[in-house]
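In case you want the letters, here they are:
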Amino acid sequence: MDFLRPTSLDEALAIKAQRPDAVPIAGGTDVMVELNFDHRRPEALLDLTRIGELAEWSTLDGTVTLGAGVPYARVIDELGDALPGLAMAARTVGSPQIRNRGTVGGNLGAASPAGDTHPVLLATGARVEVASVRGRRFIAAEDFYTGVKRNALEPDELITAVRLPAATGGEQFAKIGTRNAMVIAVCSFAIVLREGHVGAAIGSAAPTPRRVGEAERFLLDELPWDAPAPLADSLKRRFGDLVASAATPIDDVRGSAAYRTHALSVLARRTLTWAWDGYRGSVLQCA
Amino acid sequence: MRLNVTVNGERRQADDVWEGESLLYVLRERLGLPGSKNACEQGECGSCTVYLDDVPVCSCLVAAGQAEGREVRTVEGLAEGDALDPVQQSFVDAGAVQCGFCTPGLVVAAHDLLNRVPEPSDEEIREALAGNLCRCTGYEKILDAVRLAAGAR
Ligand SMILES: Cc1cc2nc3c(=O)[nH]c(=O)nc-3n(C[C@H](O)[C@H](O)[C@H](O)COP(=O)(O)OP(=O)(O)OC[C@H]3O[C@@H](n4cnc5c(N)ncnc54)[C@H](O)[C@@H]3O)c2cc1C
Ligand code: FES
Ligand code: FES
């Protein structure tokens, strides 16, 4: 096995072009488990932790560009205000040790249907920035997840960043698990409300994380945007039902399909209430 | 491959390191530092927790080559000579050690917490130790130990 240690993005992309079989390793919290248990024996590891460009974030015109290699702990500490939904999801990942290493780029690379950042990236309308020696391109989050643990990356490409709008309304993420730490989501849900935009997405409830379009359109039409008052229970229930009906979960050790579907409708109702409160707060502040 | 890494303030070198092995393996099997424990090799138990450039991580999930040129501090590096670190002493005094397998990781995690938050609330202690499993104590004595260490520092 070769251990390749580029110190710049250009160098990394040149290596990836020559060695498309090289497996990128960022925080290693997915890759090392596979190596330790002999589930994977790549010809080469491509260490991304020495590439400064990947470990930075910046904000321009209300859009945050978050480097693929920024660990969750920093998302929580540094981006809680700009990206509250993503920070909430980051807080639920693994444990302090895992959050000190694990990255959004790695979550995207692994593309697990249960990955916690995915519903938030989908709901905010994030774009995944990927690069190769051929150039740079952006993939909308909803086009990124192509199957169970599959993504739209070409073999010579690396994920360099995600671009997502800084929050202006309400954002929420919630996840079901057996304890408050170290759980893979039984199911998860993210919602983003801002003027003229409703984003909502489910995790761990279908072969890929996915947006729930019908439920989004329902809210866009029905929410009292002009006079933001507390929401009627009937509206919340209908939203929960629409979210649940978009799920195609399976039975597995973490939960049954029926439980997941039910839990999603509950998460959807609750997070809608909180996100709407957040949106109303932001409107009142502006007024 | 050859690996150069500073461990507990000393520059160390390991040869014939396999590219896919973990920092935990290097510490235990190549550098003679068996303090960090291997209980799961998948990030779940925290018994392998070490500082990597001052950040607590599961050493079983760090590829050896990722530690090249970096600084590692293990449980062996917390005491000053014969004087235990207050966190270590508190684990002894509070009776927070039974089989001891989880202890090195918990000591490092608690040490980091108290560096960041000198007077943590119980919630903060629980949160900081959420990545460390103990099969013996039921955690109460461990919480006592961290409270004791916070008072002693
Ligand atoms: C104990 C434990 C608990 C966990 N809990 C959670 C949890 O609660 N929620 C959750 O979502 N996940 C969880 N995970 C999974 C993991 O921590 C996350 O998926 C994390 O985001 C992976 O990031 P990483 O930087 O460690 O990725 P790595 O392990 O370094 O990489 C993961 C995958 O992405 C690829 N990759 C990494 N970076 C790039 C890049 N820039 N470009 C292209 N490909 C790339 C790698 O080749 C690999 O296939 C847990 C893992 C462990 C061990
Ligand atoms: S051995 Fe590393 S977390 Fe269990
Ligand atoms: S004392 Fe035995 S595992 Fe904690």
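Looking at an unreviewed UniProt entry, one finds chain B named (2Fe-2S)-binding protein and attributed to Prauserella endophytica.

By the naming in an unreviewed UniProt entry, chain A goes by Xanthine dehydrogenase family protein subunit M and is assigned to Prauserella endophytica.

Novice: What's the story with the sheet that holds strand 4 (residues 55-58) of chain B in this structure? I'm lost.
Specialist: Sheet strands line up and pair through hydrogen bonds in the backbone, either parallel or antiparallel. Residues and elements named next belong to chain B. If you walk across this open sheet you meet the five strands as 2-1-5-3-4, and the pairing is mixed. Only two strands of the sheet have a single partner each, and these edge strands are strand 2 (10-14) and strand 4. Geometrically, the sheet is characterised by an average inter-axis angle of 40° between neighbouring strands, direction not taken into account. Sheet strands touched by helix 3 (residues 103-116): strand 3 (49-52), strand 4 and strand 5 (71-73). Its angle to strand 3, the strand with the most contacts, is close to 45°.

Novice: How should I be thinking about unusual backbone geometry in this particular structure?
Specialist: Where the residue is not glycine, phi is negative for most of them; where a peptide bond is considered, it is trans in most cases. Residue and element names in this part refer to chain A. Of note, the phi angle at Asp61 is positive, near 50°, even though the residue is not glycine. Within the secondary structure, Asp61 sits in the loop between strand 4 (57-60) and strand 5 (63-67). The class for Asp61 is exposed, based on a relative accessible area of 76%.

Novice: So what exactly am I meant to see when it comes to the site of ligand 1 here?
Specialist: Near ligand 1 you find 36 residues, and of these Pro24, Thr29, Tyr72, Thr103 and Asp116 of chain A are the closest. Around ligand 1 the close residues trace back to chains A and B. Ala110 of chain A places a polar main-chain atom, nitrogen or oxygen, 3.5 Å from an oxygen atom of ligand 1. One of the side-chain nitrogen or oxygen atoms of Asp116 of chain A is found 2.6 Å away from a nitrogen atom of ligand 1.

Parameters at a glance
Residues numbered from 1 in each chain as written. Chains lettered and ligands numbered in written order. Predicted model: local features only at pLDDT ≥ 70, side-chain atom pairs only at ≥ 80, totals over all residues. Heavy atoms only, no water. Pairing = 2+ DSSP bridges. Helix = DSSP H or I, 4+ residues; strand = E, 2+ residues; numbered from the N terminus. Axes fitted to C-alpha atoms, helices over the stretch in contact; angles between N-to-C directions. Contact = heavy atoms within 4.5 Å. Buried < 20%, exposed > 50% of the residue type's maximum accessible area, 1.4 Å probe, protein only. Near = heavy atom within 4 Å. Polar contact = N/O pair within 3.5 Å; in protein donor to acceptor, adjacent residues only side chain to side chain.

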